[in-house]
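Descriptive structure summary
One-letter residues, chain by chain:
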Amino acid sequence: MISLGSSGNNSDALHVTILTCCYLLIGGWALLATFHILGIAYGLYKFHRKPSHSNLKEMPGVSIIKPLTGIDANLYENLKTFFNLQYPRYEILFCVQEHDNELIDIIERLREQYPRVDSQLFVGTQSTAVKQEREVDEEQEYYDMPLVANPRDEKLRRKQFSLWKRIFCCGSQKFLSGDKLSKNGTMDIKNPKIYNMLPAYEKAQYPFILISDSGLMMHENTLYDMVACMTDNVGLVHQMPFTCDRKGFAGSVEKVYFGTQHARMYMTINLIGINCVTGMSCLIRKECIDRVGGLRAFGHYIAEDYYIADEVAKQGWKLRVASTPAQQNSGEYSVSTWIDRMIRWCKLRMRLSPLAYLEPLQECFSSAILAGIVTNYLFEWNALVVAACHILIWFILDYLMLRITQGGPLPFSKFEFAIAWLVREFSSFYIYFKAFTGSSTVKWRGKEYRLGSGTRAEDLSPLPLPPPAPSLLVESPSSSSSSSSSLSSSSLSNSTLPVTGSHLSSSSSTKQSSQLV
């Protein structure tokens with residue numbers, strides 16, 4: 001009798017446990033449906049809105065930082081789009097990671113083609129700067145803008161950073177400001193992108209900086225749209241990653257991924273106010289970064305975009321998504337390259353949040369299988385029918401999300417979309433498997449790194465900061481001595497990072513060939 005009673009109790013406990021799991025899975029299923037609806041709704045509201053260009057003269061200046069490494073077939077056309085932006089006041093700061101004659105030649109050709117656009121070129125660790133001034137002089141009132149807000153306002157902003165947002169942020173690694181890093185002697189910069197951008201960041205003359213990856217092309221109105229989103233309470237505006245229309249099946253797979261699963265999660269997470277920022281195209285208030293010691297404060301992290309956005313939010317500023325997605329247009333792409341990139345991204349997410357380990361459950365086919373099993377157990381519905389309906393509805397919603405993100409006709413047929421969608425869905429499980437079971441190393445920008453907690457790069461030789469050396473101003477013959485003196489002093493006063501090599505400046509009134517060390 002005791003044995004039978006004990007067996008019955010165990011059976012009841014098992015049944016309760018199974019029921020609890022089933023209802024939890026149904027809750028997760030409903031959450032996924034909510035993500036679909038919110039992603040589509042926010043995409044409809046946000047994407048491809050046409051801003052008014054009535055107050056162009058009142059827009060603040062923007063310093064565009066372009067970190068470059070290597071060339072591809074589309075690089076010239078991509079960079080050319082940045083010289084044709086419909087914006088009244090901006091400069092382009094090119095950062096070449098290593099001395100590359102062919103890459104430098106591409107940049108110089110563009111600078112000669114567009115002499116009215118301010119541009120500077122920084123080459124490798126030499127940090128050779130070549131500046132090209134506009135033909136029309138403009139007032140530089142932005143030099144005198146305060147970088148530190150009122151301490152009382154700063155304290156209020158930090159209090160407004162709510163606790164629930166911190167929960168979703170990485171708790172395994174506490175961010176250290178630039179001052180603390182310097183005191184601890186851990187100022188060695190491991191992130192090659194940050195290291196590449198440092199000289200340009202220190203020379204940036206405007207209050208807003210736009211960090212834009214080399215593989216992007218930009219529509220002429222995009223910069224205006226991003227600045228228009230930078231209202232008084234916004235500290236960072238970012239573009240959701242997407243792709244241009246490119247030929248080949250690999251281009252279709254990338255477009256389907258960035259326009260469906262990635263777009264859905266990206267837009268929904270940003271809608272509810274959680275830090276989900278990809279740093280390939282970010283417009284940032286420079287004062288926010290200066291408060292923690294500049295870009296160098298983030299040089300110890302591979303996921304520098306996450307920590308930059310996290311720091312901006314902690315200061316009380318809001319993060320906003322631009323209405324135009326970022327147009328990735330790299331000339332070299334393949335399915336295997338995309339998979340390797342997704343594995344790297346997944347490894348980074350694993351070290352930023354433990355929720356990344358639940359990501360396989362939010363995929364279409366895994367959630368379809370679970371939905372079929374749960375509804376069969378609870379309601380005795382046909383599991384195959386439920387799973388099939390789930391996949392069909394998911395497929396239709398993904399197609400709608402892609403069309404909303406695209407903002408026009410797709411470059412492939414519905415059949416091609418279906419094939420690319422299936423490849424994306426099934427490859428996701430391979431990506432998760434490789435990320436979860438593989439080593440903690442990642443390959444990025446031609447180098448290999450071992451990830452520590454919070455995406456810190458561990459056991460790597462530090463990239464040495466360039467030693468201090470005076471800047472040399474080369475004056476064109478027709479330039480007045482007063483203007484040259486003013487230019488030299490402003491260049492030196494804005495630079496807080498020592499620059500080695502020659503700092504060469506050419507006036508647009510009499511063009512001279514660039515001299516690179």
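Because the structure is a prediction, the values reported are computed rather than measured.

Topic: the packing of helix α9 (residues 249-259) against helix α10 (residues 261-271)
Where α9 meets α10, the closest approach of the two axes is 3 Å, and the angle between their N-to-C directions is 25°. Taken together, the axes of α9 and α10 are roughly parallel relative to one another. Residues Val256, Tyr257, Phe258 and Gly259 of α9 form the contact with α10, whose participating residues are Gln261, His262 and Ala263.

With respect to the sheet that holds strand β6 (residues 216-217)
Sheet strands associate in pairs through backbone hydrogen bonding, adopting either a parallel or an antiparallel arrangement. Spatial strand order, β6-β11-β8: 3 strands in an open sheet with mixed pairing. If you trace the sheet from one side to the other, it starts and ends with β6 and β8 (241-243), each paired once. When β8 meets strand β11 (residues 326-328), the two strands line up parallel, connected through 3 bridges. In the sheet register, Pro241 faces β11, and the bridge partner there is Ala326. On top of the sheet, α9 reaches β8 and β11; it is set at about 150° to β8, its chief contact.

Looking at the packing of aromatic side chains
All told, the structure shown has 16 aromatic pairs when counted by the stated rule. Taken together, the aromatic side chains of Phe365, Phe395, Tyr399, Phe417, Trp421 and Phe426 make up a single cluster linked through ring pairs. Sitting above the plane of the Tyr333 ring, Arg246 keeps its charged end 4.3 Å from the centroid.

A short note on the confidence of the model for the protein
Per-chain confidence: the protein averages 80 in pLDDT, with 73% of residues scoring 70 or above. Throughout residues 464-517 the model reports pLDDT below 50, and contacts reaching past four residues in sequence, or to other chains, amount to 101 contacts.

What about a nonpolar patch on the surface?
A cluster of nonpolar residues, Phe249, Phe415, Ile419, Leu422, Phe426 and Phe429, forms a patch on the protein surface that exposes about 560 Å² of accessible area. Per-element tally for the nonpolar patch: the top contributor is helix α16 (residues 414-437), with 5 residues. Given the relative accessible area of 39%, Phe249 is considered partly exposed.

Section: helix α13 (residues 335-352)
For α13, which comprises 18 residues, the first-to-last C-alpha distance of 26 Å matches the rise-based estimate of 26 Å (1.5 Å per residue) to within 8%. Counting buried positions along α13 gives 13 out of 18 residues, so the element sits mostly inside the fold.

Here we look at the nonpolar core
Counting residues in each nonpolar core, the largest one holds 37 residues, and the members touching the most others are Val62, Tyr90, Leu223 and Leu283. Elements with a contribution of two residues or more to this core: β1 (62-68), α2 (75-82), β2 (90-96), α3 (101-113), β3 (118-123), β5 (208-212), α8 (222-229) and β7 (234-238). What Leu223 contacts, discounting residues up to four positions off in sequence, is Val62, Ile64, Leu85, Tyr87, Tyr90, Leu210 and Met218. Formed by 34 residues, the second largest nonpolar core is a distinct cluster that contains Cys95, Ile209, Tyr301 and Tyr306.

A few points about unusual backbone geometry
Unlike most non-glycine residues, Glu380 shows phi in positive territory, near 60°. Residue placement: Glu380 occurs in the loop between α14 (364-379) and α15 (383-406). The phi angle at Thr455 is positive, at roughly 65°, despite the residue not being glycine. By the secondary structure assignment, Thr455 is in the loop between β13 (447-451) and β14 (457-458). Accessibility expressed as a relative area gives 0% for Thr455, which makes it buried.

Points about the pattern of salt bridges
If you walk through the whole model with that rule in mind, you get 14 salt bridges. Note that Asp245 and Lys255 form a salt bridge whose closest N and O atoms lie 3.1 Å from each other. On the criterion of sequence distance, the pair formed by Asp245 in the loop between β8 and α9 and Lys255 in helix α9 is long-range, its members being 10 residues apart. The partly exposed category is assigned to Asp245, whose relative accessible area is 45%. We classify Lys255 as buried; its relative accessible area is 1%.

Points about the side chain of Thr278
If you trace the backbone, Thr278 turns up in the loop between α10 and β9 (281-285). Leave out the neighbours within four places in its chain, and Thr278 touches Gln239, Pro241, His262, Tyr266 and Asp305.

Things to note about the packing of α2 against α3
The contact between α2 and α3 brings their axes to 10 Å, and the two run at 35°. Note on packing geometry: the crossing formed by α2 with α3 is right-handed. Listed contacts from α3 to Leu75, Tyr76, Leu79 and Lys80 of α2 are Leu103, Ile106, Ile107, Arg109, Leu110 and Gln113. Classifying every residue of the contact of α2 with α3 by side-chain character gives 7 nonpolar, 1 polar and 2 charged.

Quick notes on the rules
Residues numbered from 1 in each chain as written. Predicted model: local features only at pLDDT ≥ 70, side-chain atom pairs only at ≥ 80, totals over all residues. Heavy atoms only, no water. Axes fitted to C-alpha atoms, helices over the stretch in contact; angles between N-to-C directions. Helix = DSSP H or I, 4+ residues; strand = E, 2+ residues; numbered from the N terminus. Parallel < 35°, antiparallel > 145°, perpendicular 65-115°, else oblique. Contact = heavy atoms within 4.5 Å. Pairing = 2+ DSSP bridges. Phe/Tyr/Trp six-rings, centres within 6.5 Å; stacked < 30°, edge-to-face > 60°. Lys NZ or Arg CZ within 6 Å of the ring centre and 35° of its normal. pLDDT = per-residue confidence, 0-100. Patch = residues over 30% accessible without salt bridge, like charges linked within 9 Å, V, L, I, M, F, W, Y side chains within 5 Å. Areas by Shrake-Rupley, 256 points an atom, 1.4 Å probe, with all protein chains shown as cover. Salt bridge = Lys/Arg side-chain N within 4 Å of Asp/Glu carboxyl O. Buried < 20%, exposed > 50% of the residue type's maximum accessible area, 1.4 Å probe, protein only. Expected span 1.5 Å × (residues − 1). Core = buried A, V, L, I, M, F, W, Y, C linked by side-chain atoms within 4.5 Å. Left-handed = near helix turned anticlockwise from the far one by under 90°. Nonpolar A, V, L, I, M, F, W, Y, C, P; charged D, E, K, R; others polar.

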